[in-house]
Amino acid sequence: MWSGRRRLGSFGLGRLRSPYPYILTVPQCATEGVLAAEAERAGVRVHRATTVRSVEEDADGVTVRSDTLDPVRARWAVAADGASSTLRALTGTVFRGRTYAGTWQLADLRVEEPSLDPARVHMVGGPRGLLVVLPMHLDGWTRVVLHLPHGGMPGGDVPGGGVPGGEGGAEELVAEAAARGWTATVRECRWTSTFGTHRRLAAHDGGKRVLLIGDAAHVCSPIGGQGLNLGLRDAVSLAAALPAATAAARGGPAHEALTAWLRARRADALGVLARTDLATRAWTLRSAPARVVRDTAVRGALTIPAGRRLLAEAVAGPRPRGCLADHAGLDRQDTP
């Protein structure tokens, strides 16, 4: 962790009680490829370019209609359709929360001679905003993330063009990263993205037949990399809860069997949203006196084992139970 070019300290994840005590930064396309291959292996067909038009819930189940498929009837529908969830909107579920000021820009870059250790994750705070540099577990590739307090630089979700300064504002991003304390020779830009961040949580309704998971149920700041793990915990725990709910449906109100799952997932989400909100507010402070207080607190915490352990646990997130016990951390680097 850094304040400008001044190092505050570091902590590692190697002592976490987890079979995976490290941060793993994987391109989204690779994650999607793994999931798609697993779905195909399981005999699941993914229908792309299909829009859901209506969702009708009743006491026995839910009917989903789309623009290209026949109506689908099921006991429950699982909405894993992201932060702009169509299913959430169609069911009238309120998505409460707030939008953070400023925008974020990231780029996946193939670099040489980086100024900071390429095997570690770096968080650099300063008057211009937050800079995060993460290794990509691909030879020479690094992900660079900037918080832009006053808005975005040119670029959107577009390919990088393959050259320094290609499409998507990579040249501006690299220049801004250099001003904040990280330099490198950029050989290729594969992808850039500019996005806003939010803290939001869907309203709780245990009676609905549409079950929200992942970003459809909650969105949080990217600081700490908690969003993906939270969504995975949603999915795996729901897979364990649905058989019990189906059995209960034969002899009583089905939603009662899902009450414990809903309560546990909401508690987990509230904890993640609180931690990421605190981290986001701390690392995006604009006031110089406030940044001094933050830097003093962080440096103090990093000088003692208990402080380093608490920071490592906060980054890794809660230790899952039961069927998730072997998946305690997707998030092997230290974090300076």
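Residues numbered from 1 in each chain as written. Predicted model: local features only at pLDDT ≥ 70, side-chain atom pairs only at ≥ 80, totals over all residues. Heavy atoms only, no water.

## Some remarks on the overall build of the protein
Phase 1 of the analysis: Tallying secondary structure elements over the protein gives seven helices and 16 strands in all.
Phase 2 of the analysis: Counting across all 336 residues of the protein, residues that qualify as buried make up 42%.
Phase 3 of the analysis: In the form shown here, the protein has an accessible surface area of approximately 17,100 Å², with 56% of it arising from carbon and sulfur atoms. (Helix = DSSP H or I, 4+ residues; strand = E, 2+ residues; numbered from the N terminus. Buried < 20%, exposed > 50% of the residue type's maximum accessible area, 1.4 Å probe, protein only. Areas by Shrake-Rupley, 256 points an atom, 1.4 Å probe, with all protein chains shown as cover.)

## Side note on the packing of aromatic side chains
Phase 1 of the analysis: One pass over the full model with this rule turns up one aromatic pair.
Phase 2 of the analysis: Ring geometry for Y20 against Y22: centres 6.3 Å apart, planes inclined by 90°, an arrangement best described as edge-to-face.
Phase 3 of the analysis: For Y20, a relative accessible area of 30% gives the class partly exposed.
Phase 4 of the analysis: Cation over ring: R88 sits above F95, and NZ or CZ is 3.7 Å from the ring centre. (Phe/Tyr/Trp six-rings, centres within 6.5 Å; stacked < 30°, edge-to-face > 60°. Lys NZ or Arg CZ within 6 Å of the ring centre and 35° of its normal.)

## Structural notes on helix α1 (residues 28-41)
Because each turn of an α-helix spans 3.6 residues, side chains separated by three or four positions end up pointing in the same direction.
Phase 1 of the analysis: For α1, built from 14 residues, the straight-helix expectation of 20 Å at 1.5 Å per residue is met to within 8% by its first-to-last C-alpha distance of 20 Å.
Phase 2 of the analysis: Just downstream of α1 lies G43, where phi reads positive at about 80°. (Expected span 1.5 Å × (residues − 1).)

## Quick notes on the pattern of salt bridges
Phase 1 of the analysis: Scanning the entire structure with this criterion turns up 20 salt bridges.
Phase 2 of the analysis: As a salt-bridge pair, D277 and R98 come within 3.9 Å of each other at their nearest N and O atoms. Here the residue D277 occupies a position in helix α5 (residues 259-283), and R98 occupies one in strand β7 (residues 95-99), the gap between them amounting to 179 residues.
Phase 3 of the analysis: We note a salt bridge from E176 to R128, for which the minimum N-O separation is 2.7 Å. Of this pair, E176 sits in helix α3 (residues 170-180) while R128 is found in the loop between β9 (122-125) and β10 (131-135), placing the two residues 48 residues apart along the sequence.
Phase 4 of the analysis: Judged by its relative accessible area of 13%, E176 falls in the buried class.
Phase 5 of the analysis: Classification of R128 as partly exposed rests on a relative accessible area of 44%.
Phase 6 of the analysis: Linked by salt bridges that have partners in common, R98, R199, D277 and R281 make up one network. (Salt bridge = Lys/Arg side-chain N within 4 Å of Asp/Glu carboxyl O.)

## Quick word on α5
Phase 1 of the analysis: The first and last C-alpha atoms of α5 sit 36 Å apart over 25 residues, in line with the 36 Å expected at 1.5 Å per residue.
Phase 2 of the analysis: What α5 keeps buried is the set W261, L262, R265, D268, A269, V272, L273, T276, D277, T280 and W283.

## Let's talk about the sheet that holds strand β14 (residues 198-202)
Phase 1 of the analysis: Across the sheet, three strands lie side by side as β7-β14-β16; this open sheet has antiparallel pairing. The open sheet has two edge strands, β7 and β16 (218-219), and neither has a second partner.
Phase 2 of the analysis: Together, β7, β14 and β16 form the strand contacts of α5, whose direction differs from that of β14 by roughly 165°. (Pairing = 2+ DSSP bridges. Contact = heavy atoms within 4.5 Å. Axes fitted to C-alpha atoms, helices over the stretch in contact; angles between N-to-C directions.)

## Examining the environment of A217
Phase 1 of the analysis: With respect to the helices and strands, the residue A217 is situated in the loop between β15 (210-212) and β16.
Phase 2 of the analysis: On the basis of relative accessibility, which here comes to 10%, the residue A217 falls in the buried class.

## Considerations on the nonpolar core
Phase 1 of the analysis: One finds M1, F11, M123 and L130 to be the most contacted residues of the largest nonpolar core, which totals 21 residues.
Phase 2 of the analysis: At the level of elements, β8 (103-112), β10, α6 (288-302) and α7 (305-316) are the ones that each hand at least two residues to this core.
Phase 3 of the analysis: Per element, the largest residue contribution to this core is three residues, and it comes from α7. (Core = buried A, V, L, I, M, F, W, Y, C linked by side-chain atoms within 4.5 Å.)

## Looking at unusual backbone geometry
Phase 1 of the analysis: A positive phi angle, near 55°, is found at A49, a position not held by glycine.
Phase 2 of the analysis: For A49, the position within the fold is in the loop between α1 and β3 (52-57).
Phase 3 of the analysis: Although it is not a glycine, E113 adopts a positive phi angle of roughly 55°.
Phase 4 of the analysis: One can find E113 in the loop between β8 and β9.

## Description of the sheet that holds strand β5 (residues 72-74)
Phase 1 of the analysis: The antiparallel open sheet is built from three strands, whose spatial order is β3-β4-β5. Both outer strands of the open sheet, β3 and β5, are each paired with one neighbouring strand and no more. With strand direction ignored, the average angle separating the axes of adjacent strands in the sheet is 15°.
Phase 2 of the analysis: Direction of pairing for strand β4 (residues 62-66) relative to β5: antiparallel, over a ladder of three bridges. From the neighbouring strand, T63 faces β5, where its bridge partner is R73.

## Considering the pairing of β9
Phase 1 of the analysis: What you see with β9 is no split at all: H122 and V124 on one side and M123 and G125 on the other are buried throughout.
Phase 2 of the analysis: Direction of pairing for β9 relative to β10: antiparallel, over a ladder of three bridges. Paired with H122 across the strands is V133, a residue of β10.
Phase 3 of the analysis: Two successive antiparallel strands, β9 and β10, enclose a turn made up of five residues, where G129 displays a positive phi of approximately 125°.

## Looking at the side chain of H147
Phase 1 of the analysis: For H147, the position within the fold is in strand β11 (residues 141-148).
Phase 2 of the analysis: Of the polar contacts made by the side chain of H147, one reaches the backbone oxygen of A101; its length is 3.2 Å.
Phase 3 of the analysis: When near neighbours in sequence (up to four residues on either side) are disregarded, H147 contacts A101, G102, T103, W104, R128, G129, L130, R180 and T284. (Polar contact = N/O pair within 3.5 Å; in protein donor to acceptor, adjacent residues only side chain to side chain.)

## Thoughts on the confidence of the model for the protein
Phase 1 of the analysis: In the predicted model, the protein carries a mean pLDDT of 85, and the fraction of residues at 70 or more is 85%.
Phase 2 of the analysis: Across residues 154-168, confidence stays below pLDDT 50; counting only partners more than four residues off in sequence or on other chains, it has 38 contacts.
Phase 3 of the analysis: Across residues 322-336, confidence stays below pLDDT 50; counting only partners more than four residues off in sequence or on other chains, it has 64 contacts. (pLDDT = per-residue confidence, 0-100.)

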